[in-house]
Amino acid sequence: LTVNVSAVLIVFVSVLCGFPAPFGALQLLWINIIMDGPPALTLGLEPVRDNLMRNSPVDRKTSIITKGLWFKIVSMGLIASGLFFTQLFFNILNGTPEQERTILFNLFVILQLFNAFNCREIDSQSIFKNILSNKSMIVVFGITIAIQIIMVEFFESVFKTVALPFFM
């Protein structure tokens, strides 16, 4: 949900501010594939926490998405959008106009991958708690970043990107 909240907000505000849509159709498809696929599967492999049995039972009629979780979804979507707009409006990475759309695409993908780590710890304030307990997620994160780099660097015409310097 956070990916969708931030994607809708980003596209909507970008167009309202007179910028072109920040993502192409194929880029949005890629974002949905990598966010709904591998990271979600690795969340299902999350080991059981030691404190699980200390939690109180939950009523069957209680919504899966609590008020606190709604707050986290919306706030993380706003934070991701805020970082995205900081780059869009202020170009803090000093990209050229030709690089800007690729920078924004990469930034959005990386923000959403970090959000997957955030989803691991619903009841915790830190995404780093138990970070090494799900090695498959770390591997998937690395593979996804590698695929993103390959895609941007070598399939420029397909994804409407430009090659970026290594430091970017």
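None of the values given here were measured: they were computed from a predicted structure. (Residues numbered from 1 in each chain as written. Predicted model: local features only at pLDDT ≥ 70, side-chain atom pairs only at ≥ 80, totals over all residues. Heavy atoms only, no water.)

(A) Spotlight on a nonpolar patch on the surface. Together, Leu26, Leu29, Ile33, Ile150, Phe154, Phe155 and Val158 make up a nonpolar patch on the protein surface, roughly 670 Å² of accessible area in all. Of all the secondary-structure elements, those providing two or more residues to the nonpolar patch are helix H2 (25-36) and helix H6 (135-154). Counting residues per element, the nonpolar patch draws most heavily on H2, which supplies 3 residues. Within the element layout of this structure, phenylalanine 155 appears in the loop between H6 and helix H7 (156-159). (Patch = residues over 30% accessible without salt bridge, like charges linked within 9 Å, V, L, I, M, F, W, Y side chains within 5 Å. Areas by Shrake-Rupley, 256 points an atom, 1.4 Å probe, with all protein chains shown as cover. Salt bridge = Lys/Arg side-chain N within 4 Å of Asp/Glu carboxyl O. Helix = DSSP H or I, 4+ residues; strand = E, 2+ residues; numbered from the N terminus.)

(B) Expanded view of the nonpolar core. The biggest cluster of nonpolar side chains holds 23 residues, and the ones touching the most others in it are Phe23, Trp30, Ile31, Phe84, Phe105, Phe108 and Val109. Sorting the residues of this core by element identifies helix H1 (2-16), H2, helix H4 (67-90), helix H5 (97-120) and H6 as the ones contributing at least two each. At 7 residues, the largest contribution of residues to this core is made by H5. (Core = buried A, V, L, I, M, F, W, Y, C linked by side-chain atoms within 4.5 Å. Buried < 20%, exposed > 50% of the residue type's maximum accessible area, 1.4 Å probe, protein only.)

(C) Looking closely at the environment of isoleucine 131. If you trace the backbone, isoleucine 131 turns up in the loop between H5 and H6. Judged by its relative accessible area of 25%, isoleucine 131 is partly exposed. Residues in contact with isoleucine 131, not counting those within four places in the same chain, are Phe117, Arg120 and Ile138. (Contact = heavy atoms within 4.5 Å.)

(D) How the structure looks around the side chain of threonine 144. Inspection of the secondary structure puts threonine 144 in helix H6. A relative accessible area of 4% places threonine 144 in the buried class. In contact with threonine 144, not counting residues within four places along its chain, are Ile34 and Leu113.

(E) Local environment of the packing of H5 against H6. Packing of H5 against H6 brings their axes to within 11 Å, and their N-to-C directions diverge by 175 degrees. Between H5 and H6, the angle falls in the class roughly antiparallel. Across the interface between the two elements, Thr102, Phe105, Asn106, Val109, Ile110, Leu113, Phe114, Ala116, Phe117 and Arg120 of H5 pack against Met137, Ile138, Phe141, Thr144, Ile145, Gln148, Met151 and Val152 of H6. Classifying every residue of the contact of H5 with H6 gives 13 nonpolar, 4 polar and 1 charged. (Axes fitted to C-alpha atoms, helices over the stretch in contact; angles between N-to-C directions. Parallel < 35°, antiparallel > 145°, perpendicular 65-115°, else oblique. Nonpolar A, V, L, I, M, F, W, Y, C, P; charged D, E, K, R; others polar.)

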